[in-house]
Amino acid sequence: MEYLAQVKVHEDPKWYNNGIVFDSIVEAEEYAKDLFQRWTQCDDWRVIGSEGDSDSVKGNIQIARENANRKHFNKEIN
């Protein structure tokens, strides 16, 4: 299975990815965390499974944690 890292930005209910597909959950999660730390407009991040199609995420399960409080915790300790 392949994985996509996604972020959610302020006041937008959609999740976004840049099309990079990862071979492992760990790689995708590390990338998502890094992206979340660098982008000041992010509210949250997640990793989802991709059915091999990086352009459209279809009916995939959510794998990584979704927790809006993580934003404040992670950004305050760095």
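Definitions and cut-offs
Residues numbered from 1 in each chain as written. Predicted model: local features only at pLDDT ≥ 70, side-chain atom pairs only at ≥ 80, totals over all residues. Heavy atoms only, no water. Helix = DSSP H or I, 4+ residues; strand = E, 2+ residues; numbered from the N terminus. Expected span 1.5 Å × (residues − 1). Buried < 20%, exposed > 50% of the residue type's maximum accessible area, 1.4 Å probe, protein only. Arc of directions from axis to C-beta. Pairing = 2+ DSSP bridges. Contact = heavy atoms within 4.5 Å. Axes fitted to C-alpha atoms, helices over the stretch in contact; angles between N-to-C directions.

Chemist: Could you clarify how one ought to interpret helix H1 (residues 25–38) in this entry?
Modeler: Every α-helix winds through 3.6 residues per turn, so residues three or four apart in the chain are directed the same way. When the terminal C-alpha atoms of H1 are compared, their 20 Å separation across 14 residues agrees well with the 20 Å that a helix rising 1.5 Å per residue should span. Within the sequence span of H1, burial applies to Ala28, Glu29, Ala32, Leu35 and Phe36. Looking straight down H1, one finds its buried side chains confined to an arc of 130°; they lie on one side. Opposite the packed face of H1, turned more than 90 degrees from it, sit the exposed residues Val26 and Glu30.

Chemist: Help me out: how do you make sense of the environment of glycine 49 in this one?
Modeler: The residue glycine 49 is located in strand S3 (residues 42–50) in this model. You can call glycine 49 buried: its relative accessible area is 0%. Distance in space between the C-alpha atoms of glycine 49 and valine 21 is 9.5 Å, their sequence separation being 28 residues.

Chemist: What's the story with the sheet that holds strand S2 (residues 21–22) in this structure? I'm lost.
Modeler: One key point about sheets: their strands pair by backbone hydrogen bonds, in either a parallel or an antiparallel sense. Within the open sheet, the three strands sit side by side as S2-S1-S3. Their pairing is antiparallel. The outermost strands of the open sheet, each flanked by one partner alone, are S2 and S3. As judged from the two bridges shared by strand S1 (residues 2–9) and S2, these two strands associate in the antiparallel manner. In the sheet register, tyrosine 3 faces S2, and the bridge partner there is phenylalanine 22. Lying on the sheet, H1 is in contact with S1, S2 and S3; it crosses S3 at an angle near 160°.

What is shown is where atoms sit, not what they do.
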